[in-house]
Amino acid sequence: MFDNIYRHGFARVAVGVPRVKIADPEANASDTLRLARQAHDDEAALAVFPELGISAYTNEDLFFQDALETAVQTELSRILEASRELRPVLIVGAPFMLDGRLFNCAFVVHRGVLLGIVPKAYLPNYREFYEKRHFALGISQTGRSVALNGREVPFGTDLIFRASDLQDFVLHVEICEDIWTPAPPSSFGAMAGATILANLSASNIVIGKAQARRDLCRSQSMRCIAAYLYSAAGPGESTTDLAWDGHVAVFENGELLSEADRFADEPQMITADIDLDRLRQERMRVGSFGDCADHHGVQRFFRSISFSINPPLGVKVPLRRAVDRYPFLPSDPALLDANCYEAFNIQVQGLMTRLAAVRVKKVVLGISGGLDSTHALIVAARAFDRLGYARKDILCYTLPGLATSNLTKTSAHALMRAFGVSAQEIDITPIVRQTLVEIGHPNAQGHPVYDVTFENVQAGARTALLFRLANFHDAIVMGTGDLSELALGWCTYGVGDQMSHYNVNGSVPKTLIQHLIRWVADRKEFGAEVSATLRAVLATEISPELVPSDGEKPGQRTEDFIGPYSLQDFNLYYITRYGLRPSKVAFLSWNAWRDMGAGAWPAGLEEEDKREYDLATIRKWLRLFLFRFFEISQFKRSAMPNGPKVGSGGSLSPRGDWRAPSDSHADTWIAELEDNVPDSA
């Protein structure tokens, strides 16, 4: 079943807020079970409920009443029995008496088994809180078990719960105040292997506290490279002196996945699909995470409780998670604007520093009228302006050859005029024809042979000229090739567009370059004339222009050969940034691209650029990506020029994010794709 999140390393979790009645465990358990059944019907693997939700949090001295404690235990037994028919692990909050002391606890229940009891590690006793009046501190409770219903149940703050049949589903539980401390228990639980951190909270509401909770939970999820589930008390708690907003939220590695409306009148539940693969992959890459765990020796302090979830693998469980079509372009307009600002200035700063380091005040730049060279020119112009250098020392050359169209050549001249740079045209046709003659190419004898050699003779002639021009003018050659081309090997090695003295675009994917040009044009960074010229470039078909056409428009469409850049940049991000299986990348891509009308698009994207792709198309181009990336193009990346890293998911420099052998094979990746991705879903 391809359309099933559990087959692709996800787990659905639920966080609920029942309506409570003060000191009425029967009513509270009933509402908790109602939400638990809802989580079960929703195919969730975990359901988390608020602190002391079975008794209510605001009982004050009623906690000392035996009648209440007895009723709580009765209802916990009822929940335990009812859980036999439910798939999710249930985590409910209740008081628990042990050795004449009362603990504020989380009960972890699954399929009729009480897996463990976790006491609250730290008790607030300041401002409006008086928990030490009623409860005992839990932080020192480790290594213990309690006898309940004829079996020994682990009790303590040293428990993690590990699913035996769902990879990377490892759970740690803490309670409310624990997250507010300098060293939250969940930090140590995460270092012991927990990927899902659950917090049962009561947490009254005051002005500004909701944002503080978000900041804490988001930060903890990022620092622990984990999911963090938060549930706060809601309707029904006493408002004698306090108010309650029922705040529930789920975070994953710093990202908010789901959050309910606060101050709801009725019980509510949210769900989120946690990407367990992504968390595991990220922890493997961040070596300091494991080093910290080793330093603290956390493994020897925790007891691991094993259980089986029996995930629903035989039915459809569609993904309920927003997947950006353009992982390099967030759909949030404010965030996209901020990202463009940072990316552009990283490129500019990189070029400024390189020019200062090599004591050069001139650059040589080949202008084709296409996206990449246009953006390189934009970066050069801003860098020269900031350095106080004259733009006439940006030495731009358009180098028409056997396949250059009038459209792109016109755009190249318009760009150079608009930016006020030094502009020259050198026709490479004589050099190319002579080279074809010298090597005995059939095209030189009039045969219409347009093979790779024919194409690379032109690409090589251009680059050779640019390097000699740089020698002649005491300048450096600016590279223009982008990250997407490097990933696919869509560049001519050595004496070709793969090589330069410094490449500002080497860490920027094609989809981001398109939007950066649009961003500069929309902001009128260089004036209205430049913006109009940039928009004309954006409207031009992407083409290497190495095969002759009718002369007016490019004769090749790059995307006919290597696939849509929108899909290939998606593949690039998830393959290199997270190392995901090809089948999972296809699953994510299918969820992102199958319906043009679903989800948000990046701001400013033209309507004609909004497309959708079926699974067969996604599979086809992903297979091509795997072959080109893993098998035939690493040698080009192993020798790539210097250039600044721009994004967290985008650097293939052998001196940085990506180090790989040049003679690897793609068979393993292609086999995984073909074995696990059908032609249609």
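Note that this is a predicted model, so its numbers are computed, not measured.

**Overview of helix α16 (residues 565–578)**
For the α-helix, the turn length of 3.6 residues means that residues three or four positions removed from each other point alike.
Now for step 1: For α16, which comprises 14 residues, the first-to-last C-alpha distance of 19 Å matches the rise-based estimate of 20 Å (1.5 Å per residue) to within 8%.
Now for step 2: Burial runs high along α16: 14 of the 14 residues are buried.
Now for step 3: Note on α16: the residue one or two positions beyond its end, Gly579, has a positive phi of about 65°.

**Let's talk about the pattern of salt bridges**
Now for step 1: All told, the structure shown has 36 salt bridges when counted by the stated rule.
Now for step 2: Measuring nitrogen to oxygen at the nearest pair gives 2.5 Å for the salt bridge that ties Arg320 to Asp42. Of this pair, Arg320 sits in the loop between β15 (303–307) and α7 (333–358) while Asp42 is found in the loop between α1 (25–41) and β2 (46–48), placing the two residues 278 residues apart along the sequence.
Now for step 3: Here Arg84 makes a salt bridge to Glu81, at a shortest N to O gap of 3.1 Å.
Now for step 4: Under the relative-accessibility criterion, Arg84 is labelled partly exposed at 43%.
Now for step 5: Here Glu81 falls in the partly exposed class, since its relative accessible area comes to 47%.
Now for step 6: Ionic contacts of the salt-bridge type, sharing partners, join the residues Asp168, Asp275, Asp277, Arg280, Arg581 and Lys584 into one network.

**Here's the deal with the nonpolar core**
Now for step 1: Among the nonpolar cores identified, the biggest contains 154 residues, and Leu46, Ile91, Phe161, Phe169 and Phe419 are the most heavily contacted of them.
Now for step 2: The leading source of residues in this core is helix α8 (residues 371–387), at nine residues.
Now for step 3: Beyond its immediate sequence surroundings of up to four residues, Ile91 is in contact with Leu46, Ala47, Val48, Phe49, Ala106, Phe107, Val108, Leu171, Val173, Ala198 and Leu200.

**Remarks on empty space enclosed by the protein**
Now for step 1: According to the stated counting rule, one finds three cavities of 30 Å³ or more in the structure shown.
Now for step 2: Taken as a whole, the largest cavity encloses approximately 70 Å³ of empty space.
Now for step 3: Looking at the lining of the largest cavity residue by residue, the classes come out as four nonpolar, seven polar and one charged.

**A look at the pairing of strand β3 (residues 89–98)**
Now for step 1: Most of β3 sits out of view: nine of its ten residues are buried.
Now for step 2: In this sheet, strand β4 (residues 101–110) lies alongside β3 in antiparallel orientation, the contact comprising nine bridges. The residue of β4 that forms the bridge with Phe96 is Phe103.
Now for step 3: A loop of two residues connects β3 with β4, the two strands running antiparallel in sequence, and Asp99 in this loop sits at a positive phi of about 55°.

**Examining the packing of aromatic side chains**
Now for step 1: For the structure shown, the criterion picks out 29 aromatic pairs.
Now for step 2: Judged by centre distance (5.8 Å) and plane angle (70°), the ring pair of Tyr57 and Trp244 falls under edge-to-face. With Tyr57 in the loop between β2 and α2 (66–82) and Trp244 in the loop between β11 (227–231) and β12 (248–252), the pair connects residues that are 187 residues apart, well separated along the chain.
Now for step 3: Judged by its relative accessible area of 9%, Trp244 falls in the buried class.
Now for step 4: Aromatic side chains Phe570 and Tyr574 sit 4.8 Å apart centroid to centroid with 45° between the ring planes, which places their arrangement in the tilted category. One end of the pair is Phe570 and the other is Tyr574, both in helix α16 and four residues apart, which spans about a single turn. Tyr574 shares its class with Phe570; the two are buried.
Now for step 5: The cationic tip of Arg325 hangs over the ring face of Trp601; the distance from NZ or CZ to the ring centre is 3.9 Å.

**Some remarks on the sheet that holds β12**
Now for step 1: Pairing is mixed in the open sheet, where seven strands are placed in the order β13-β12-β11-β10-β9-β8-β15. In this open sheet, the two strands that pair with only one neighbour each are β13 (255–259) and β15. Pairwise comparison of adjacent strand axes, ignoring direction, gives a mean angle of 25° for this sheet.
Now for step 2: Here β11 pairs with β12 via five bridges, running antiparallel.

Rules behind the numbers
- Residues numbered from 1 in each chain as written.
- Predicted model: local features only at pLDDT ≥ 70, side-chain atom pairs only at ≥ 80, totals over all residues.
- Heavy atoms only, no water.
- Helix = DSSP H or I, 4+ residues; strand = E, 2+ residues; numbered from the N terminus.
- Expected span 1.5 Å × (residues − 1).
- Buried < 20%, exposed > 50% of the residue type's maximum accessible area, 1.4 Å probe, protein only.
- Salt bridge = Lys/Arg side-chain N within 4 Å of Asp/Glu carboxyl O.
- Core = buried A, V, L, I, M, F, W, Y, C linked by side-chain atoms within 4.5 Å.
- Contact = heavy atoms within 4.5 Å.
- 1 Å grid on protein atoms, 1.4 Å probe; cavity = no way out; pocket = protein on both sides within 12 Å on 5 of 7 lines; lining within 4 Å.
- Points joined across faces, edges and corners; volume = space filled by probe spheres on them.
- Nonpolar A, V, L, I, M, F, W, Y, C, P; charged D, E, K, R; others polar.
- Pairing = 2+ DSSP bridges.
- Phe/Tyr/Trp six-rings, centres within 6.5 Å; stacked < 30°, edge-to-face > 60°.
- Lys NZ or Arg CZ within 6 Å of the ring centre and 35° of its normal.
- Axes fitted to C-alpha atoms, helices over the stretch in contact; angles between N-to-C directions.

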